[in-house]
Each structure stands twice: as C-alpha cells, then as structure tokens.
Amino acid sequence: MRIRILIAFAAVTFFCSIPGLAQETVSTAKKTYRVEAVQDPIKIDGALEEPAWQKPPTFTLEYETNPGDNTAAPVKTEMWITYNHSYLYIAARAHDPEPEKIRARLTDRDRAFQDDFLGVVLDTFNDERRAFEFFVNPFGVQMDLSQSDVTGVEDDSWDAIWDSAGQLTAQGYEVEMAIPFSSLRFPEANSTWGIDALRIYPRDQRYRFGLNQLPRGRNCYLCSESKLQGFAGLKAGKNMELIPTLTGQHLNEEDETDGKVDPGLTVRWGITPGITVNGAANPDFSQVEADAAQLSVNKAFALFYPEKRPFFLEGADYFDTKIQAIYSRNIADPTWGVKLSGKEGKSAFGAIVAQDDLTNFLFPGSQFSSLGSLNQNNTSSILRYRYDLGSGSTVGGLVTSREGGEYHNRVLGVDSLLRWGEEAVRIEFLGSHTEYPDSIQRDFDQPSGSLTGTSMRAVYQHTDRSWMSLAQYQGAGDDFRADLGFIPQVGYHKGYAIYERYWFSDNNEHWWRKLTFGAETTWQYDREGNPLQQQVAPYSYINGPHEFFNVAYLALGPSYFLGRRFDRNFVNEFVEMRPTGSFYVSFETRIGQEIDYDNARQGNILRLIPGVRFDLGRHLRLQLNHNFERLNVDGEPLYHANVTDIRVTYQINTRTMVRAITQYFDISRDPALYTFEVNQKDRNLFNQFLFSYKINPQVVLFLGYSDTYANTVVSNLSQANRTLFFKVGYAFTM
C-alpha cells in the first residue's frame, strides 16, 4: 500500500511539473480598483449619507452574466468600498425602474437567497482558489459563505461576525456593510485582494449582474476576478474569542425523566491573520434545527446528512475532497476538540484532534452498507494539506486516524487538481489500514483480522461555451475503510462518462433561455468482475420564465444485486418554478422499474415529491414538502411510504424568530409479501418549536420544545418522549 501511495504521489508531482499543465493558457486582463482609507465615522444604518458615499463609486456592475452572456446590465448598481484600521466598509445603491417588484422579506441569516440581494466575493489571499462571500438583501439580512474554486463548493455553513443594514427607497434599495478585519483571513504583507461583486435580480428570470465578465464554459470562477488595491497597514489584531455556552434539557421518555445542564467553552484564536486555532471543552454540539426528513425505506446505502455544528464549519473547505474521506459528523459526541486551519503563502492546511465518547461505524460493501456503534472512547485525528501550483492547480494530501482500545482505522491519501485552458484533470488516491476488535467482527459481521485497502478516483473534463465532456474512473477495494469519512460503497470499479450540449436564447427569440441535452453512461463491476450496473441515461434541462427549471432523465439498463440481474428502466422528472414573488412550487416524480432490496426481487416504483413555499408578507413563511413512494412486486404493493415535512417560520425582525417543524412518517407494508417478519405499519410524528434570538452567530439564545410520537400496531400514536431545551452563547472578543 505504501509503495502504491508513493507511486501515485510521484506521478502527480511529475504531471504538475510539466510546463503548461500547471499554468492556464487563457490569459485575460485583470481590472484593478483602488480603495482609500476613511477618516470620518460610518454608521451602519442603510442610509448612504456619510461623506465616504458621496464620492464617485469604486465601481459599478456593468455585466449581465446570467442568463445573458456578459451583456450590458439593464439596471444600474453602484458600489463603494473603503476601510479604517478595524473595518472594511461596503455600501451599494441598487437602482430599480420598478421598485414595487423588489423581493425582500425578513428572514434568518443565510435564508434570503430567493430575494433580491447583492454583495462581494473577496479573495483576500489573491490566490484565485478561495474566497469569502458577503451578501445582504434590501433589509440587511446577512448571508455569508466560503467559496472554494478547488472543489467547486460554495458553503453557506461558514459564519462570520459583521454588521449590515438596508432600506427600500423610491429608486430601489441601499445597503451598508461593516466587516471587521478580525473576521477575515489575509496575509498582512499582501495589499492586493481579488474581488468580484454581484447583484441578484429575480423577476421573470433570475438575473445575475456582476463586476467581472464570466466566460461561458470556463472551468474556474475566481480566475475571472478583478483586483482591489490600496490597503495599507492592515492588522487583524489578536483576534481572540471566548465563547462560553450553557445548554440544558429536560427529557421525559416513557417512565424515565432526565434533566441536565451543561456548561461549555469554545476558544477561537487568530494566531496570524491567515491561521486560526479553535479549542473546545465540553463543547455544545447540539442542533437546534431538525435535519430535513428523508425516506429511509428500501435504501441499499446509508443516507447522508450535512454537518451543522459550528466548531467544524470554520475552514471546512480546507478539508474537502471528492472522495469523502473526511465527514466530521462521525465525530459524534466529543468531550474536547482542537482544530487548526489556515493558509500561509501557497500552503493551505487543516488539523482536527478530538476525544469522542461514542464510536459510530458505517460498514461499506459493494451492494449495500450498514451502521453500527460502540459505547467506547476514541481519539479522532485529521490532517489535511494542499499546495497551490501555477494559476489554478493544486496538489495535496490527507491523513486521518481513529484509535480506541483494540480498534483503529488509518487513512493516508494524495490528490491533485490540474487545470489548463479548457481542460481539467483531478486525481485522488487513498490507502487504509483497519483493525477491528472481536466484538465488531462478531456483532456486525465484519471481516476478521487486519484490513488493508485502497481507493482511487481520476477525472478528465473538457468545458466549452457550448458543450462539456467528462470521463471518470473510480474504485475501492473490498477492505478499504474510511471511518472518519462518508464512503458507503467499496469493492467496486466504476467507469462513468458524460456529454452535454448547450443552446442559449440570448436575444429572447425563444420562450426558453437555456436548453441542455446530454447523456451519461455508468458501468460498474465488483472486484471479481461481476457486473453491478450497466446504464445509459439521456436527459435534458430547460430554463424558462418565472424561474422555470425542468429536468427530464431517462435511465436504461440493468443493475445486479446479490448475484441476480434486475431491470432498472425508469423516468425521473423534476420541475420547479416561481409563478409569483411570494409563491414557489416544485414537483419530482419517478416511474419505472426498481429493485426490492429487502427481498432481492424485481419491483416497480412510483415516487411523487411535491413541494410548496408561501411567503405571506414580510415576516411569515410556510413550507410543505411531501414524499410519497410505492413499490409493487408481482403486481401487488409491497409498501406505501409517506413522509411530510411542514415548517412555519415567523421572523419578528432580523434577529428574532419563532419556528415550528412537524415531520410525519407513515409506512404501510404487506407482511405476506416479505420474506421475513416486518411491522405492518410504522408511524412516527416529530414536532419541534423554537424561539431564536441572534445578535450574531455566536451571541445567541435558543428556547425550544420537541416531542416524538410513535406507533407500530394500533391506530393511535402514543408519545415516546418530550424535551425542553435551551442554549445560551456569548462571544467575548479581545
């Protein structure tokens, strides 16, 4: 295994050293804008009355980049940028010929992406690989994200502490932002930042106006950014945050009552402007929002749930890989944790060490996965490193380790992204060594002894303004394990290819604005050469008025399960649109052949997933999502499954909201059609009520109540548990 890893690393380094591979052949002139320091105080109230905003704007947003092809923006947007020793200040005036059509409502932070909004994308390291995004809607509702041009991930789970305000005017709307330099990461010696600015203008279409031209078909985003110069003497300061938390809950479960109050402390220290260390003792890793309801019946592989815990979210993009060897939710119940993340020069890195009181397992296989858990401690360690090459390429590696008693899992890997012109190649290689104790082998039917395995992924992609093609190989050995990742399948080889062709209606000669036709093919085999999947799938995308979007997907070809061949020819279609600014509707359906995984039989599936969202005035939002699924075998229904998720949110102001969530699960089965004993009916009702007050992401107050009702035999649901909970957090900044 070590020899293979060294060979893979040497190959990556060799290819990166070839002239032209590490350099992008397309060269475009970068615009440069200068900023000047401000002396007068600026009050963040959404009114552009300060002297700094009476000067000519730093820039205007000249281009419509979507759906237009870098055409002239039809409405005017002015932006000003200035700074003092502590803050970066941004102001914008969004002109609108029809201000009554502006979409704006009060909502929780990171929840206003359906509104009109604008903001900036700041590449503070000027490396065209990673950026911070700060957006606000017309009422100053904040949305902040991290953008990784290496993985293509735009992550809204990243949160910074900053200030903003906005107001509607007779000519459109105005906003102000004040971003502390302590909330950013940047090298103090670098006075040049990369920048993009954008405005989202949802009307009959969802228009995007930008500072920079975005050529269609380009395989990078930040490579098109402009430059911002003029910063002098910037200091991030000591940047120390102490965040004590207090959480408590009172749980009634059947005949037992349990109450507890837990204090915790998180420390965040900016060692340098580019490097941050986080430490947590008895950290609060509770979630105050229920995961989206997912249907788990007749699934061969484990379901994925995103990370929501703040400790793991800062710098999360540093840990991203396409083979998901790092999945922080596998650190389930830590008593303490330390995390280091940052960038110096061309080197980006991250490290996590945590003591976990619970050891959860995802046991992968070639055709299905299973879950397990041990009530034993483990020490989880993660190390990630990435080095920038040329103008858009990278090479890196990772190490993960989970150690506990007689158990360990260790993973070592290398990866690279090579971009030049319209081409891109991504290569990843991982090797693992795992030692399971006898209890794991006995209770969860896992292989005995030491397990050693490898996993690899290689992708070539060509992008053009009118078409895209991609070829991919991915595989994993039977004994590969990444227990700190999310890898539900091993023991396979897979080849995948895709081709897409694009047409644009730039002059509105058609009712649609973008039309895509494509086809993909998948050929998958286990490690002995037995087929697992052979599929060809043509599909189409259509973008139209009223934010209309439609995907039609036709899958043709068999799949194999437990040594048998099954037909899986089906049609899947998804459509969404926004008929008015306050009403959104979506609908997904799937009809065709499917495998009955529980009994290894041929089946036929019908899946219907409607969704609606109403915005009633500026404060109230109603959301309803439903998932109905029926699987027939031999012409008879094996099961009917219904999952309903209802959410009602009333946003009192930008800081305060109340929310109610109801999730209802109802599965009806025909026991006579199963080859093993099952419940005829499983029903579950979950309710959660939450009061939330946030001054910023760290200064928070949550008060909530939740309960669960369950039933498997009779018609009436009975209460299984109920919980009262609270959380208080406060950030002391030094």
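Scroll up for the structure.
Residues numbered from 1 in each chain as written. Predicted model: local features only at pLDDT ≥ 70, side-chain atom pairs only at ≥ 80, totals over all residues. Heavy atoms only, no water.

Quick look at the pattern of salt bridges
Now for step 1: Enumeration over the complete set of coordinates arrives at 38 salt bridges.
Now for step 2: For aspartate 317, the salt bridge identified is with arginine 130, shortest N-O distance 2.4 Å. Of this pair, aspartate 317 sits in the loop between helix H2 (310-313) and strand S20 (334-344) while arginine 130 sits in strand S9 (residues 130-136), and the two are 187 residues apart along the sequence. In this structure, aspartate 317 and arginine 130 share a single accessibility class: buried.
Now for step 3: In this structure, the salt-bridge partner of arginine 590 is glutamate 594, at a minimum N-O distance of 2.9 Å. Exposure class is identical for arginine 590 and glutamate 594. Each is buried.
Now for step 4: If you follow the salt bridges from partner to partner, you end up with Lys30, Glu128, Glu225 and Lys227 in one network. (Salt bridge = Lys/Arg side-chain N within 4 Å of Asp/Glu carboxyl O. Helix = DSSP H or I, 4+ residues; strand = E, 2+ residues; numbered from the N terminus. Buried < 20%, exposed > 50% of the residue type's maximum accessible area, 1.4 Å probe, protein only.)

Considering the pairing of strand S36 (residues 570-580)
Looking along a regular strand, one sees the side chains alternate between the two faces of the sheet.
Now for step 1: One ladder, built from 7 bridges, connects strand S33 (residues 548-555) with S36; its direction is antiparallel. Paired with tyrosine 553 across the two strands is asparagine 572, which belongs to S36.
Now for step 2: Where S36 and strand S37 (residues 583-596) come together, 9 bridges link them in antiparallel fashion. Its bridge partner being in S37, phenylalanine 574 is matched across the sheet by glutamate 588.
Now for step 3: If you look at the hairpin formed by S36 and S37, you'll find 2 residues sitting between the two strands. (Pairing = 2+ DSSP bridges.)

A few points about the side chain of glutamine 474
Now for step 1: Structurally, glutamine 474 is set in strand S29 (residues 467-476).
Now for step 2: By relative accessible area, glutamine 474 is classed as buried at 15%.
Now for step 3: Reaching out from glutamine 474, the side chain makes a polar contact with the side chain of glutamine 472 at a distance of 3.2 Å.
Now for step 4: Here glutamine 474 is in contact with Ile323, Met456, Arg457, Tyr492, His493 and Lys494, once residues within four sequence places are set aside. (Polar contact = N/O pair within 3.5 Å; in protein donor to acceptor, adjacent residues only side chain to side chain. Contact = heavy atoms within 4.5 Å.)

Digging into the state of the cysteines
Now for step 1: Across all of its chains, the model carries 1 disulfide by this definition.
Now for step 2: Through a disulfide, cysteine 220 is tied to cysteine 223; the S-S separation comes to 1.8 Å. Measuring handedness by torsion sign, the sulfur bridge of cysteine 220 and cysteine 223 sits at about 80° and is right-handed. Each member of the pair, cysteine 220 as well as cysteine 223, is classed as buried. (Disulfide = S-S within 2.5 Å.)

Thoughts on empty space enclosed by the protein
Now for step 1: Inspection of every chain in the model, using the stated rule, returns 4 cavities of 30 Å³ or more.
Now for step 2: Taken as a whole, the second largest cavity spans an internal volume of roughly 110 Å³.
Now for step 3: Along its surface, the second largest cavity is lined by 16 residues, and Val150, Asp320, Arg384, Asp415 and Arg426 are the ones closest to its centre.
Now for step 4: Counting only elements with at least two residues in the lining of the second largest cavity, the list comes to strand S24 (378-389), strand S26 (407-420) and strand S27 (423-435).
Now for step 5: Taken together, the residues of the lining of the second largest cavity sort by class into 4 nonpolar, 4 polar and 8 charged. (1 Å grid on protein atoms, 1.4 Å probe; cavity = no way out; pocket = protein on both sides within 12 Å on 5 of 7 lines; lining within 4 Å. Points joined across faces, edges and corners; volume = space filled by probe spheres on them. Nonpolar A, V, L, I, M, F, W, Y, C, P; charged D, E, K, R; others polar.)

So, the pairing of strand S28 (residues 450-463)
Now for step 1: Where S27 and S28 come together, 13 bridges link them in antiparallel fashion. Within S28, the residue paired with threonine 434 across the bridge is leucine 451.
Now for step 2: Note that S28 and S29 share 9 bridges and pair antiparallel. Across the sheet, the residue bridging to valine 459 is glutamine 472, located in S29.
Now for step 3: The loop that links S28 with its antiparallel partner S29 comprises 3 residues.

Concerning the layout of surface pockets
Now for step 1: What the second largest pocket holds in volume is close to 820 Å³.
Now for step 2: Forming the walls of the second largest pocket are 39 residues, and the residues nearest its centre are Ile161, Trp162, Asp163, Ile695 and Asn696.
Now for step 3: Those elements that place two or more of their residues in the lining of the second largest pocket are strand S12 (163-169) and strand S13 (172-180).
Now for step 4: If you tally residues by element for the lining of the second largest pocket, the top one is S12, at 4 residues.
Now for step 5: When its residues are assigned to classes, the lining of the second largest pocket shows 17 nonpolar, 15 polar and 7 charged.

Examining the nonpolar core
Now for step 1: In terms of nonpolar packing, the biggest core is built from 41 residues, with Phe59, Leu88, Phe134 and Trp193 touching the most fellow members.
Now for step 2: Among the elements of the structure, strand S6 (77-83), strand S7 (87-95), strand S8 (117-123), S9, S13, strand S14 (192-202) and strand S15 (206-210) are those that each provide at least two residues to this core.
Now for step 3: Residues contacting phenylalanine 59, with those up to four places away along its chain left out, are Tyr33, Thr77, Glu78, Met79, Ile81, Ile195, Ala197 and Leu211.
Now for step 4: Membership of the second largest hydrophobic core comes to 13 residues, among which are Val633, Leu638, Leu673 and Tyr674. (Core = buried A, V, L, I, M, F, W, Y, C linked by side-chain atoms within 4.5 Å.)

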